[in-house]
Structures are given as structure tokens and as C-alpha cells.
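For reference, the chains in residue letters:
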Amino acid sequence: MEPIETIKEVVVQAVAGAQLEIVKSTPAAQQPAILADREHAYAVGKFFKEDPRFQMDFCSCVTAVDFLPKGDKPGFIEVVYHLYSVSLKQGPIILKVRAPREVEQCHVPSLTPLWRGAEFQEREAYDLYGVTFDGHPDLRRILMWDEFTDYPMRKDYEPPADYEWEPTPHDDTLQRAAQAGGIMPPTAREELEKTKKK
Amino acid sequence: MIQPLTEEKRFTLTQRPEGLIETQTLEVSIGPQHPSTHGVFRMDCVLDGETVVALKPVMGYLHRNHEQLAERMAWLGSMPYTDRLDYFNSMTNNWAYALAVEKLAGIKVPEHAEYVRVIMAELTRILNHSCVIGFMLQDLGAWGTPLLYAFREREKILDLFEAVSGSRMMCNYMRFGGVRVDMTEKDLAVARDIISRFPRFLDEFEKLLTTNEVLLARTQRVGILPKELAINASISGPMARASGVEYDIRKVDRYGVYGRIDFRVPVGDIGDVYDRYYIRVLEMRESIKILQQALRDIPAGPHVAPEVKLRNFKIPPGDGYGRVEAPKGELGFYLVSDEGGKQPYRYHVRPPSFINLTTLEDMCLGHKVADVVIILGSIDIVLGEVDR
Amino acid sequence: MGFIGKGLFEGMVVTARNFVGSYFDKERLVTVQYPEERVQTPENSRTFPFLVYDDDKDPVATMRCVACKICETECPPQCIYIVMDRDEKGKPRQRPKVFDIDTSVCMQCQICVEVCPFEAIKMDNDYEKSQYGRFDELVEHLPDLLKSNEYYSKIKPTEASAVDAKLKAEKEKKAKKAAPAAAAKPAAAVAPKAVAPAPTPATAAASAPAAKLVIPDDAPFSPEQRQWLSGFLSAVSVGAAPATGAAPSTPAQAVTPPTTSAAAPAAEPAPTAAAPAGNWPWHDPGLGMQQRLDLAKSALLADKLMAAMAQTDCHACGYDCRGYADAIAGGAESDLSLCLPGEAETANMLKKLMEEAGKA
């Protein structure tokens, strides 16, 4: 595979108007990624799939990563695609697309029309992170039950405080079990009283 | 592309044109409590008589939130949880995770440890394939005979795993930079003994099954998966190779010491259930070859890279994807590390069973309900992996 | 030569062979009639953890666990709960008062065994542990968990003998280091820097490299800086507790300039074999925080930092106690909360000491 800068140049020439950036990884991993903007992500994906130099016909892994706002940098949710080529036995090409974290604005074009393998994985990203994939044929929850609200894998998700029994409670579990009125062994309750007194 | 079924479509699907009798379709839920769905897995089938006209898989009954658990533990702490992903093949799960972390952190694994890992992975492949054939035949209706023959061989390998790593199934054996404890000479001798007896068992197993008329009648031309659809739907592993896709990660990525070992990759042509069964038998034979070579060439040396710490292990910020050829397909781990580097910031498992289920509907259309069970059995899913 | 049903016929031949063969061939009859017969599990087999003690006459006093809480921190499902035993004045005794393992949560991963620096927790292989309740009955408390070293040697002979050999070697090393270090004090007073290698030849070869790192007299540092640097470099390069005992003992001992140190150290009696290694009087896990800080009144920041720690040399922080103190003082380590046995008390004291040092 050519170095990532060459690939980026090729794509910029082929797909009109695409704004791409290169995102580096650890030096050991040697897996830099191409960050595409939302409007052109589909065209970039299509180029990778159809161009005879690449022929990326196998979409191996689709996942979402949640980045919280840090200081004055806004947070974003990043959808990562790992593409491989079965015919030319090369890869991976890593494609990243970013969207704002607020649920109403978190829309990303779906690459399922290009790669059928992305179907279930995009549904999972929708279910667990709240990323809406425009153009997905069947976008509904897959791992959580249909009536579930909220998106569990986000970094700011608050799980419900239902505690039945905590015999070996630690740190924040101890605090939350106490608040929720969970049953605890006597020694744990003593320790909790001591920390409260301090 | 399969379109979602609207309410009206569902009920008007089967109007017979010359119809004296107007029939309705029946929506049946196969699972989640079912002896043949390989775990808690549900399929919503719409049936016309006995023929399947639509099928939607429903999963999530075993969702244990493994990915979020990993975010609150150190890197090593998720290793026992990876055992429980594909609970039949804990060694390859561990190896995939260790490989991803080693790629991200740039850790080099000693030779001896690489050979031990290959031995364990190929033994796991034999385990898994014999199990899956047993289960598939159980689903076909061969009540227990092939299943328990396969399990009899599996027991020998599980005893070896217990002697080496301490536990039969949840081995927790691989560490970053090597393996947890070394395989002694005694263990290697036991492994050689198992491998010397295995081809005889495999011959007997094949004699029982491969030319069996019932098996042939029920599995040939059932559940055909075309090659282009397999590639497009990201199908990997024996299921893809049965459809004619020549892609084996051991040959493509050449991770570990697979680059030095001489073995072939069997590839099918039609992609029906019989091909998926037979390719697993052939893969078991290739695994025996790999094991013989690995056991012959294993060098002496340390079993873990000495510079890797067990506690306070930090990885520089960045992300990386590492994958192995698990017995069920391509098992990959996508890890993101932030500053601090003591815990994963994002930990994602790319499970082969989950993605191999994408084409379940395409394969089942037009077949009978009984075939659905066999097709599901030939995909070889494990719910621990599908739901994580 | 195929007739209809040939495949079926061959299959039935195989089944018949297995059936008849099971009367003659052991390999074909694999069923073990449990519970009348049991399969002998291999030595390495593991189920749930237990704590090892050395002497049957007093299990609680001779248990190896010092409540350093490393296993509690590293346990993936957080099934261990430890509370350190303290005496009436609040001073920590180095053993747990409460040690609970919730066996319904424990996933038998053996990580607690791997990270324990004191060989205190080991895996049992008893698998018949069902109880009649789901909650209290499945939690194992300290009395249930304590089992003797004889029991450990019985279930895992090779592992137990390796552990015994390792503990014996460690004990001998500590004893050998304590004796020459006592003899080193008068000798060191006469010629502190040059004689630094002399106390160490009796001990393990590992200490010899430490001696080589002593900063020579003509290096452009003050005596205090020289002493601290020798200690720090030997700790960092060798990294093990026994080796660092000898070389830094001279800096800690001879705080005053070399010429005047002849009188004071020679008058001191040699410590007994049970005294802590080196010449750190505060390096006793039985002392309280204030007592330790009083004993470490010397001007060196590293000494005061070391006195603030729990003195167990448990390597929870990744170093031994001296090494951690030297790393903080030298700036190599910025995380002040790594001392697990010391808990918040140590972390707060370290923070206070560093702030004072920063201001000074």
C-alpha cells in the first residue's frame, strides 16, 4: 500500500470538493486514518471501493468513538471504518467521519449501500451512541430492547441506580449503593459511615 | 437489498394468482428459548406454509456491556472478559486482544511464545470445528452421536488446556508480550500425542458423515451464499471460504509465525451448507499439519517479553486495529488510548458471528423452516460474541 | 461399488465399532460415573482464591497477607473487599481485619495471584462449593479463606515448593544485608564514600553494581546532593530492594560532612538481625505516621517522603519504598497516590511534603 499522503492526494483529485485530513496513530501501530467531511464521505467510500488501484470491497469494522468536549474544543462523535481489499489482498484503509455530539445534529451518511457488511454495525453504533446514519435501509435498535431510551455507550451516560446486593462494594459503587438504599454487609456500611464523618 | 416489511406487505405477500384459496402468512418467532439457536437468539420468520418469505434476526439477549466494562479497567483486566466473548475458543480471543495491544504499544513477542500461541490457536481451531460439526448434526436430527464423538476428542484438548493454563474454557492465558505460563516438555508431549491420534478420529468421523445420504440430501443446495454477496457483506472465515472467497488472515497478514508455516487454505465453490461442513473438516486436517510443524520447530526461550509490566501498564495515545483468524472468522479489536494511557478510551470488538449473520435472511428465503435451523448451524454463531 | 444407502451403512459400521469397542478399549468408554468416581484434576487447575498462612498454631498472625490491597485494585470484577487491621491507637497492623471474596462475582481469572508481591493469595482447586443461598452464603470471609501452607503444598506441589524456595531466599538475603549493614556503620564513618563498596561483598552480586554508582568526591555537587544522587541512581538502576539497602545507607547515615562523622556513628550499637534494612529507622511498618516522620527529621526530602509511605516494600507503586521516594524527589514520578497500603493518609502527607519542598 502506498503511504497515506499519496492516497490522500489521489482521493482529493478524484472526489471533487472533498476536504480530507490525516489523523495519525501511535508510531508503533502505523495505522494513520483519513478523516473525511460528512458531505463527501459517501463519495470517498465509493471511490475506494471502485477504483482499480484500491478495490476496497471488504468493510471489516465499523465503530463509533465518543469524544467529550475538552476545554474550548467541542466534543464530537467519530465513526471509524476499516476497509480491506479481498481481491488485491491489501489494506487497511481507515476512514473517519465526525459529527457533533448532540443527538439531533448527529447525522452521518450511511455506507451500507456500498458495503452490506456495515448494516448491523451501523445499527449498533446508532443503538449505543445515537449516531443517525442517513440512507440506512433499516435503522433501529439492535442490542438494546426497542423501547429503551438514551444511548448507553456515551461517556456521559448515567446508569439507573438499581442495587440489590453489594457485598464487596468499591469507591463510587459504594456511594451509589448507599444512596439507592442497596443492602450491604455491616463492615461496608461501617466504612461508609467513617468516610462520611471525615 | 432486503427492504423492511411494512404491515400491509406482510399480509399481502402470498396471493395466489389462480387462487381458489386465499392464504395468509404466519409470523413465527424461533427462539430465544430454543435448543438449536446456539444461545439466546431470536429469528422472526414470516412463513407461507412451511416456506420462509421473510426473516429478521433479533439479538441482544446476552448483551453484557463488555465494551463499557473495559473502559473502567486497566488493559490487563479485560483479558479474562475476552475469554467470555466466544466462549468456545478462549485462546484465540485472548490472542486477538493481546495482538491489538501489542500493535498499539509496539511490544515484540519472543519466538518461543509465538510458537506456543500458534499451538494453542490451532488446537482451538480443531476444538471449534469438531464442535460445530457436532452441533450442526445435532440440529439435523442425529441425536447426539456425532456430537458426543466430537466432544470426546474435545475433552482431550481441554484437559491439556487445564494442565497448562489452569482452566478448561476460560483460559486467560495470553499476556501482552507472550503467554502467562510456559508449556513444559510434558505438555508438549501431551500435545504431540493428541495430534498423532487425531487423524484417525477424523477419518472415522468422516466415514460416519461425509457420504451419509441423509446428510447429503438435507444439506446440498441449501442455504447458498453467492461469492459477491459474501464479500460485500463482510463475511469472513470458513463461511466465506466455502463460497469461494480466497481470504485467510493467517496468509494475508502473516501475524505470529504463520509466515513460516506451510499449509494450504481450502476453498469451496458452491457455498451451501454441505460446503460449509466439509470445509471445516478440511481445515481440521490443515490444522494438524500446522501443529506438527509448530511442535517440531518450537525453539527454547522466554515465554513473555520481560519489559512488559503487569501493573501500571501504559500505552501512548493513539488507536489501532488488530485482527486474527479465529475459527469463526475475522476477530478484530479496535482500541483507542488517550493521554494517561492506563485504561482503554474506546474498546471495540469486531465479532465474526455478528457480522456473518447479515446474510441469514438472503440464505433462508425460499427454504423450509427446518432448513433455517441448519443454515444457522452452519454459520457457526456463538451468542457471547454476537451480543458481547 | 455404491448401493443405495452405502453411506448410511458405513456410518452404522462406525457406530457399531464404537459400541462394541467400548467394552474392550478404554479410549472409547469415556464416561466417568460422578460422584462415585472423580476425575483427578491436573495440578494447575484453579477455582477460587484462598489466603496462605505459615504456622498452624496462629494462622492470623502468620498469614502472609499484609493488606496492601493490590489484589483488590487489580481484580477485574472487583470481588475482593479488604479492610486493614488497626490497633487501638489507629496504627495499622500489616494484616487484614476484613477480607471478603464474593464467589458469585469472582471469575477465577487468577490475576490476584499474579500481582500479589507477598505470595499470600493462591488459587484453590476445590470445585464443590454450592450453597443454599445466593447472597451471604456465597461470600467467603477471612476465616474461610485462611488455609495452611501444608494444604497448599498438597494441592500444588511444584508451585508450592517454588514459592517456598523463593521466600527462603528472600529471607536469607534480607538477613545477610542487615548484618553487614550494621558492621558498615563504624567502617563507613571512617571513610564514607570510598568504603561504600566494602559492606556489600557478602551480599548478593546484585548489590555490586549499586556500589559502582556512588558519586565521587570531586563531582561538582554539595555533600547532600551527592548522597541523594548516589541513592537515587542505585535505586533506579538496580531497582530491587536488597541492593539499594547498602549504598544509600551511607548517605542517610552521614548527613554531616565526612570529616566529623567519625565520632557519632561509631558509638552506636549494631542493630539486631530483625532491624529494618539499611539505616532507615522509620522503615518499620509497625510505626505510625507521626513517629516515622519524627525519625526522618534529616534534611533530605527523599527521606521524609519515604517515611510517609507504608513501609511494606510491596511494589504497589511499581518501586520499593526507597525507590518511590527517590523517584518523587527526583521528579521522575509525579503521581503521589500510588502507595496502596498507605491509602489517603500517605497521599495527603506526600502532597504536603512536596508543597513544603516546593516553597522552600
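(A) Representation of the overall build of chain C within the structure. If you tally the helices and strands in chain C, you get 17 helices and six strands. Accessible surface for chain C amounts to roughly 18,100 Å². Of this, 60% is attributable to carbon and sulfur atoms.

(B) Spotlight on the nonpolar core. Membership of the largest hydrophobic core comes to 204 residues, with the highest contact counts inside it found for Phe48 of chain A, Tyr173, Phe176, Leu357 and Leu360 of chain B together with Phe99 of chain C. The greatest single-element share of this core, amounting to 14 residues, is contributed by helix α5 (residues 111–140) of chain B. With sequence-adjacent residues up to four places away left out, leucine 360 of chain B is seen in contact with Phe41, Met43, Leu55, Pro57, Ile375, Leu376 and Ile379 of chain B. Listed in part, the 22 residues of the second largest apolar core include Trp280, Tyr324, Ile328 and Met349 of chain C.

(C) Quick peek at unusual backbone geometry. The omega torsion across glycine 31 of chain B and proline 32 of chain B is -5°, close enough to zero to call that bond cis. Structurally, proline 32 of chain B can be placed in the loop between β1 (26–30) and β2 (42–48). Omega for the bond connecting tyrosine 34 of chain C with proline 35 of chain C falls within 30 degrees of zero, at 0°, which places this linkage in the cis form. Relative to the helices and strands, proline 35 of chain C is located in the loop between α1 (6–21) and β1 (49–53). The backbone phi angle of alanine 67 of chain C is positive, close to 55°, even though this residue is not glycine. In this fold, alanine 67 of chain C is placed in the loop between α2 (59–62) and α3 (70–74).

(D) Broad picture of the confidence of the model for chain C. Residues and elements named next belong to chain C. Averaged over every residue, the pLDDT of chain C is 73; the share at 70 or more is 70%. Contacts for the low-pLDDT stretch residues 187–212, under 50 throughout, to residues beyond four places or in other chains number 32 contacts. Within the model, the stretch residues 239–277 combines pLDDT values under 50 with 55 contacts to residues more than four positions away or in other chains.

(E) Expanded view of the sheet that holds strand β3 (residues 58–67) of chain A. Residue and element names in this part refer to chain A. Pairing is mixed across the open sheet formed by five strands, whose spatial order is β1-β2-β5-β4-β3. Two strands lie at the open edges of the sheet, namely β1 (20–23) and β3, each paired on one side alone. Each strand of the sheet is rotated relative to its neighbour by a mean of 25°, with strand direction disregarded. Contacts from helix α2 (residues 41–50) reach β1, β2 (33–36), β4 (76–85) and β5 (90–100), with the element oriented near 175° to β5. Running over the sheet, helix α3 (residues 118–129) touches β3 and β4 and is turned about 10° from β3.

(F) The packing of helix α7 (residues 185–209) of chain B against helix α12 (residues 273–297) of chain B, seen in detail. Residue and element names in this part refer to chain B. Packing of α7 against α12 leaves a shortest axis separation of 10 Å and a crossing angle of 160°. When the interaxial angle is binned, α7 and α12 end up roughly antiparallel. The element α7 and its partner α12 pack so that their crossing is left-handed. Across the interface between the two elements, Leu188, Ala191, Arg192, Ile195, Phe198, Pro199, Leu202, Asp203, Glu206 and Leu209 of α7 pack against Tyr277, Tyr278, Val281, Met284, Arg285, Ile288, Leu291, Gln292 and Leu295 of α12. Looking at the contact of α7 with α12 residue by residue, the classes come out as 14 nonpolar, one polar and four charged.

(G) Layout of α2 of chain A. Residues and elements named next belong to chain A. Among all positions of α2, only Ala41, Val44, Gly45, Phe47 and Phe48 are buried. The buried residues of α2 occupy an angular sector of 160° when the element is viewed end-on, so they sit on one face. Next to the buried residues of α2 lie α1 (4–14), β1, β2, β4, β5 and β6 (107–109).

(H) Molecular detail of the interface of chain B and chain A. With 50 residues of chain B at the contact, the number on the chain A side is 47 residues. Between chain B and chain A, the buried area comes to about 4,000 Å², and carbon and sulfur atoms account for 57% of it. Residue lysine 96 of chain A is joined to aspartate 319 of chain B by a salt bridge in which the shortest nitrogen-to-oxygen separation is 2.8 Å. Applying the counting rule to chain B against chain A returns 22 residue pairs in polar contact (both at pLDDT 80 or more).

(I) The arrangement of the packing of aromatic side chains in detail. With the rule as written, the count across this model stands at 30 aromatic pairs over all chains. Considering the side-chain rings of phenylalanine 47 of chain A and phenylalanine 48 of chain A, the 6.0 Å spacing of their centres and the 50° angle between planes classify their relative orientation as tilted. We classify phenylalanine 47 of chain A as buried; its relative accessible area is 14%. Of the aromatic side chains, those joined through ring pairs into one cluster are Tyr97, Phe176, Phe313, Phe333 and Tyr347 of chain B. Over the ring of tyrosine 149 of chain B we find arginine 152 of chain B, and its NZ or CZ is 5.1 Å from the ring centre. Its end group placed over the ring of phenylalanine 151 of chain B, arginine 154 of chain B keeps NZ or CZ at 5.3 Å from the ring centre.

Here is what the cut-offs are and how they apply
Residues numbered from 1 in each chain as written. Chains lettered and ligands numbered in written order. Predicted model: local features only at pLDDT ≥ 70, side-chain atom pairs only at ≥ 80, totals over all residues. Heavy atoms only, no water. Helix = DSSP H or I, 4+ residues; strand = E, 2+ residues; numbered from the N terminus. Areas by Shrake-Rupley, 256 points an atom, 1.4 Å probe, with all protein chains shown as cover. Core = buried A, V, L, I, M, F, W, Y, C linked by side-chain atoms within 4.5 Å. Buried < 20%, exposed > 50% of the residue type's maximum accessible area, 1.4 Å probe, protein only. Contact = heavy atoms within 4.5 Å. pLDDT = per-residue confidence, 0-100. Pairing = 2+ DSSP bridges. Axes fitted to C-alpha atoms, helices over the stretch in contact; angles between N-to-C directions. Parallel < 35°, antiparallel > 145°, perpendicular 65-115°, else oblique. Left-handed = near helix turned anticlockwise from the far one by under 90°. Nonpolar A, V, L, I, M, F, W, Y, C, P; charged D, E, K, R; others polar. Arc of directions from axis to C-beta. Buried area = accessible area lost by both parts, 1.4 Å probe. Salt bridge = Lys/Arg side-chain N within 4 Å of Asp/Glu carboxyl O. Polar contact = N/O pair within 3.5 Å; in protein donor to acceptor, adjacent residues only side chain to side chain. Phe/Tyr/Trp six-rings, centres within 6.5 Å; stacked < 30°, edge-to-face > 60°. Lys NZ or Arg CZ within 6 Å of the ring centre and 35° of its normal.

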